[in-house]
Amino acid sequence: MLLKELDKALERSRVTNGKKFRLKDHDPADTAGYRLTHEEEAALLAAGIARLSDLQELLYAQRSWSLLCVFQAMDAAGKDGTIKHVMSGVNPQGVEVTSFKQPGPEELAHDFLWRVMRNLPDRGRIGIFNRSHYEEVLVVRVHRDLLARQHLPERLDGKNIWKHRLEDIASFERYLTRQGTVILKFFLNVSKEEQKRRFLERMNHPSKNWKFSPADLAEREYWDDYIAAYEEAIAATATSHAPWFVIPADNKGFAHLLVGAAIIEALENLDLKPPKLPPEELARLAKGRRALEAEK
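Predicted model, so just to flag it, every value in this text is computed and none were measured.

Caption draft 1: Broad picture of the packing of aromatic side chains. One pass over the full model with this rule turns up 7 aromatic pairs. Judged by centre distance (4.4 Å) and plane angle (35 degrees), the ring pair of phenylalanine 187 and tyrosine 230 falls under tilted. Highlighted residues: phenylalanine 187 in strand 5 (residues 181-189) and tyrosine 230 in helix 10 (residues 223-237), separated in sequence by 43 residues. Each member of the pair, phenylalanine 187 as well as tyrosine 230, carries the same accessibility label: buried. Three or more aromatic residues link up through ring pairs in this structure, and these residues are Phe71, Phe186 and Phe245. Its guanidinium or amino end placed over the ring of tyrosine 60, arginine 63 lies 4.1 Å from that ring's centre, counting from NZ or CZ. Over the aromatic face of phenylalanine 112 sits the side chain of arginine 165, whose NZ or CZ is 4.6 Å from the ring centroid.

Dropping the structure here:
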């Protein structure tokens, strides 16, 4: 039901070939013509959460596939809220959320994918990356001085470093999909005007002051640089096996629906089934059933 309601909007957000990709072609306020009330959004989200819960249980029981959901966005685009709302009905035992902050000394002593590899989901589980390996071609690219902390050999720190890193990310994601990890990448596409409104809301409401950091305003000064970096990253790594979804994020409720629909679609495409017990296990099960039924 959820996918049938949102299939048009989901297709508009999906990027599987970056050759002609331009962020300007994706309106942050786009709802694909849908005019949903708050109640309708809530009902659709509840239906999606219920379906996702059933699929996650099958994923966990089968233990063959894993699902990795990558979330990237500008500040205040709603990553935390999206993860909270979409995954609210899923069994916590089958999900792990990793929030990647600035790398520490141990992480900086390794290659840029090392800390990501350590947090990949086990088979049967859903992994959520709140920020990810893409930070290495986004924030590090915008603030190139951060690269010096990684102590790369001088001959490798050249003009082609971003091209090479994007190639490495694409190869890494291809490898993961060949090992049974389904990858979905979400860019929550918020407009600069909506970010301003949300920043002001955080400043003006005491209960939301804690969400605001002066660093957010400092990063806003690099808006155009970040947009250019995101555009190149998505264009270079959007594939049919590891698609990007450019989610219009000015409407939070609609963004939650689209993310949920994308995850449900991916899990349904796996055609998950409960595991079948071998004959000897079925025989033991039948014996146990008879024993229980014979109890007085």
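Caption draft 2: View of the packing of helix 3 (residues 79-86) against helix 11 (residues 252-268). Packing of helix 3 against helix 11 brings their axes to within 10 Å, and their N-to-C directions diverge by 55 degrees. Taken as axis vectors, helix 3 and helix 11 run oblique relative to one another. As for the relative orientation of helix 3 and helix 11, their crossing is right-handed in sense. Of helix 11, the residues touching helix 3 (which contributes Gly81, Thr82, His85 and Val86) are His256, Val259, Gly260 and Ile263. Within the contact of helix 3 with helix 11, the residues separate by chemical class into 3 nonpolar, 5 polar and no charged.

Caption draft 3: The arrangement of the pairing of strand 2 (residues 66-73) in detail. Where burial is concerned, most of strand 2 is hidden: 8 out of the 8 residues are buried. Both faces of strand 2 are covered, namely the face carrying Ser66, Leu68, Val70 and Gln72 and the face carrying Leu67, Cys69, Phe71 and Ala73. As defined by bridge partners, strand 2 adjoins strand 5 across 8 bridges and the pair is classed as parallel. Paired with leucine 67 across the strands is valine 182, a residue of strand 5. Of the strand pairs in this sheet, strand 2 and strand 4 (residues 126-130) are connected by 5 bridges, and their pairing is parallel. Of the residues in strand 4, the one forming a bridge with cysteine 69 is isoleucine 128.

Caption draft 4: Structural detail: the sheet that holds strand 5. Read across the sheet, 6 strands follow the order 1-6-5-2-4-3 without closing on themselves; strand pairing throughout is mixed. Only two strands of the sheet have a single partner each, and these edge strands are strand 1 (14-15) and strand 3 (95-99). Across the sheet, helix 11 lies against strand 1, strand 2, strand 5 and strand 6 (244-248), angled at about 165 degrees from strand 5, the strand it touches most.

Caption draft 5: Representation of the side chain of threonine 177 within the structure. Within the secondary structure layout, threonine 177 lies in helix 7 (residues 161-178). Judged by its relative accessible area of 18%, threonine 177 falls in the buried class. Those residues in contact with threonine 177 that sit more than four places away from it in its chain are Ile183 and His241.

Caption draft 6: Structural view of the environment of alanine 249. Mapped onto the elements of the fold, alanine 249 is located in the loop between strand 6 and helix 11. Using a relative accessible area of 1% as the deciding quantity, one classes alanine 249 as buried. Separated by 222 residues in sequence, alanine 249 and aspartate 27 place their C-alpha atoms 9.2 Å apart. Apart from the residues within four sequence positions on either side, alanine 249 is in contact with Pro28, Ala77, Leu188, Asn189, Val190, Arg198 and Ala255.

About the criteria used
- Residues numbered from 1 in each chain as written.
- Predicted model: local features only at pLDDT ≥ 70, side-chain atom pairs only at ≥ 80, totals over all residues.
- Heavy atoms only, no water.
- Phe/Tyr/Trp six-rings, centres within 6.5 Å; stacked < 30°, edge-to-face > 60°.
- Helix = DSSP H or I, 4+ residues; strand = E, 2+ residues; numbered from the N terminus.
- Buried < 20%, exposed > 50% of the residue type's maximum accessible area, 1.4 Å probe, protein only.
- Lys NZ or Arg CZ within 6 Å of the ring centre and 35° of its normal.
- Axes fitted to C-alpha atoms, helices over the stretch in contact; angles between N-to-C directions.
- Parallel < 35°, antiparallel > 145°, perpendicular 65-115°, else oblique.
- Left-handed = near helix turned anticlockwise from the far one by under 90°.
- Contact = heavy atoms within 4.5 Å.
- Nonpolar A, V, L, I, M, F, W, Y, C, P; charged D, E, K, R; others polar.
- Pairing = 2+ DSSP bridges.

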